[in-house]
Structure formats: C-alpha cells, structure tokens
Amino acid sequence: AVETAQAHISLKNESKKNTTTRHVMQAEETLRPYYDTEIEDLHLRYKRNLVKARIFSAKKKYDEALNLYEIALETLQEENDGEETPDEAKLLVEMGETAELRNLRKKAGGYYKRAYEIFQNLGMEESAKNIEDKLPDSDDEDENEEEDIEESGHYDNVANEEENENEIENEEEELFKPHPPDDHLGEE
C-alpha cells in the first residue's frame, strides 16, 4: 500500500492538474486504511509517514503535513540511530518547501539550515550549494514577533479585538457627532 501510494504521489508531479487530483485521491485511498496501523519495521513506518505527509501537502493541508513530516523525521532518525544521513537532509529540504507554502518563512529557514548543515557534515557540497539561497539571513533569524505568534498558532485576538473596537468607536463618534449647521441649505 505504501509503495502504491508513493507511486501515485510521484505520478501527480508529472501529470496535468485534473490527473494530479485523481492521483492524490488514489494515493490517499490506498494508504488511508493504514494511517494509524502500528508498524514495527522502522523503515516501512518512515515511508508510510512520509507518503502520508506528502498526501496532506498535495491536498494543501500544510499544517497537518508539517506535523506528519516531523513524525517521519523522528522515525528516520530512530532508524538511523541518530546518525545524519542524506535522506534526513532531503526530508528537511522537503519540510522547508512545505513550510514556505504555508508562508512560515522562519520555520522553513530553520529546516533549510539544518539540511544545509547535514549536507556539509556529510561532504555533500553540491547539495549544500543547491539550497544556499534558501538559507535564512541573519535578519531572518530575528524576524518580527508576528510570525512567531502565527507559527505557534497562539495569535493574540484580544489585542486585535480591542484595536477593532477602538476603530469602530472612533468611526461611530465621527458619524454621530454634531456637525456645524449647513448655512448654504437655506439660501437660494
């Protein structure tokens, strides 16, 4: 089921839009019965989690996809006893791309940075060079607070509600405040 679903996901990248949707649906249909199945074999579990993440990403459910990618990454690291591998770096690049699709620039930059470091540590200079332009600038690492809040999902609605209420009050005051008499209305 994992291999079949992976084949459909691979085909979606080479197809036209209407066929792409069909392949994603077929991949999901094939894998869905095994979404929560306990799998002892770490490599098979990693591949299942990876395909599942790709399905959610293809369906533009990026938050769920990123969570699934994290699970796949943990499984891959467990399988490799914490040793850095090219597969881990490639997975981090894919995670960065998904975070970018969700407009999580800081998170994407973190994934790219980790992938870059792994490529460097493994002596994969060409692969590292390929993602250099995706690395965060030193400015990006201290990006504004708003993105941190957005990423964590804890957006402070209270401050926004107060701001909106103040704007509405100001508009109402302007609308209902007494206006000077229109002297020109009585003149003809």
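Residues numbered from 1 in each chain as written. Predicted model: local features only at pLDDT ≥ 70, side-chain atom pairs only at ≥ 80, totals over all residues. Heavy atoms only, no water.

Caption draft 1: Broad picture of the packing of helix H3 (residues 42-58) against helix H4 (residues 62-79). Where H3 meets H4, the closest approach of the two axes is 8 Å, and the angle between their N-to-C directions is 165°. Comparing the axis directions of H3 and H4 gives the class roughly antiparallel. As H3 packs across H4, the resulting crossing turns out to be left-handed. Of H4, the residues touching H3 (which contributes Leu42, His43, Arg45, Tyr46, Asn49, Leu50, Lys52, Ala53, Arg54, Phe56 and Ser57) are Tyr62, Glu64, Ala65, Leu68, Tyr69, Ile71, Ala72, Thr75, Leu76, Glu78 and Glu79. (Axes fitted to C-alpha atoms, helices over the stretch in contact; angles between N-to-C directions. Helix = DSSP H or I, 4+ residues; strand = E, 2+ residues; numbered from the N terminus. Parallel < 35°, antiparallel > 145°, perpendicular 65-115°, else oblique. Left-handed = near helix turned anticlockwise from the far one by under 90°. Contact = heavy atoms within 4.5 Å.)

Caption draft 2: Summary view of the packing of H3 against helix H5 (residues 86-101). Between H3 and H5, the least distance of the axes is 12 Å, while the angle of their chain directions is 20°. The pairing of H3 with H5 is recorded here as roughly parallel in orientation. Handedness of the crossing formed by H3 with H5: left-handed. In this structure, H3 uses Tyr46, Leu50, Arg54 and Ser57 to contact H5, whose residues at the interface are Leu91, Glu94 and Thr98. For the contact of H3 with H5, the class distribution of residues is 3 nonpolar, 2 polar and 2 charged. (Nonpolar A, V, L, I, M, F, W, Y, C, P; charged D, E, K, R; others polar.)

Caption draft 3: Molecular detail of the environment of Asp137. Counting through the fold element by element, Asp137 comes out in the loop between helix H7 (125-130) and helix H8 (138-141). Using a relative accessible area of 47% as the deciding quantity, one classes Asp137 as partly exposed. (Buried < 20%, exposed > 50% of the residue type's maximum accessible area, 1.4 Å probe, protein only.)

Caption draft 4: Region of the structure containing the packing of aromatic side chains. Counted according to the given criterion, the structure contains 0 aromatic pairs. Positioned over the ring face of Phe56 is Lys59, at 5.9 Å from the centre of the ring. (Phe/Tyr/Trp six-rings, centres within 6.5 Å; stacked < 30°, edge-to-face > 60°. Lys NZ or Arg CZ within 6 Å of the ring centre and 35° of its normal.)

Caption draft 5: Quick peek at the nonpolar core. Ranked by size, the top nonpolar core spans 35 residues in total, and within it Ile55, Tyr69, Leu91, Leu92, Met95, Ala115 and Phe119 carry the most contacts. Taken together, the elements giving at least two residues each to this core come down to helix H1 (2-12), helix H2 (17-31), H3, H4, H5 and helix H6 (105-121). Ignoring sequence-local partners within four residues, the contact set of Met95 consists of Leu66, Tyr69, Glu70, Leu73 and Tyr111. (Core = buried A, V, L, I, M, F, W, Y, C linked by side-chain atoms within 4.5 Å.)

Caption draft 6: Here's a closer look at the layout of surface pockets. Computed from the structure, the second largest pocket encloses a volume of approximately 160 Å³. Counting only elements with at least two residues in the lining of the second largest pocket, the list comes to H3 and H4. The leading source of residues in the lining of the second largest pocket is H3, at 4 residues. Looking at the lining of the second largest pocket residue by residue, the class counts come to 3 nonpolar, 3 polar and 5 charged. (1 Å grid on protein atoms, 1.4 Å probe; cavity = no way out; pocket = protein on both sides within 12 Å on 5 of 7 lines; lining within 4 Å. Points joined across faces, edges and corners; volume = space filled by probe spheres on them.)

Caption draft 7: Seen up close, the side chain of Glu94. Looking at where Glu94 falls in the secondary structure, it is placed in helix H5. A distance of 2.6 Å separates the side chain of Glu94 from the side chain of Tyr69, its partner in a polar contact. (Polar contact = N/O pair within 3.5 Å; in protein donor to acceptor, adjacent residues only side chain to side chain.)

Caption draft 8: Quick peek at the pattern of salt bridges. One pass over the full model with this rule turns up 4 salt bridges. The salt bridge involving Arg54 is made with Glu94; its shortest N-O contact spans 2.7 Å. You can see Arg54 sitting in helix H3 and its partner Glu94 sitting in helix H5, a full 40 residues away along the chain. We classify Arg54 as partly exposed; its relative accessible area is 21%. Note that Arg102 is salt-bridged to Asp63, the shortest N-O span being 3.0 Å. Separated by 39 residues along the polypeptide, Arg102 in the loop between H5 and H6 and Asp63 in helix H4 bring together distant segments of the chain. When its relative accessible area of 29% is taken as the criterion, Arg102 is described as partly exposed. (Salt bridge = Lys/Arg side-chain N within 4 Å of Asp/Glu carboxyl O.)

Caption draft 9: Inspection of a negative patch on the surface at higher detail. On the surface, Glu74, Glu78, Asp81, Glu83, Glu84 and Glu117 cluster together into a negatively charged patch. As for its placement among the helices and strands, Glu83 is situated in the loop between H4 and H5. (Patch = residues over 30% accessible without salt bridge, like charges linked within 9 Å, V, L, I, M, F, W, Y side chains within 5 Å. Areas by Shrake-Rupley, 256 points an atom, 1.4 Å probe, with all protein chains shown as cover. Lys, Arg positive; Asp, Glu negative; His and termini not counted. Charge placed at Lys NZ, Arg CZ, Asp CG, Glu CD.)

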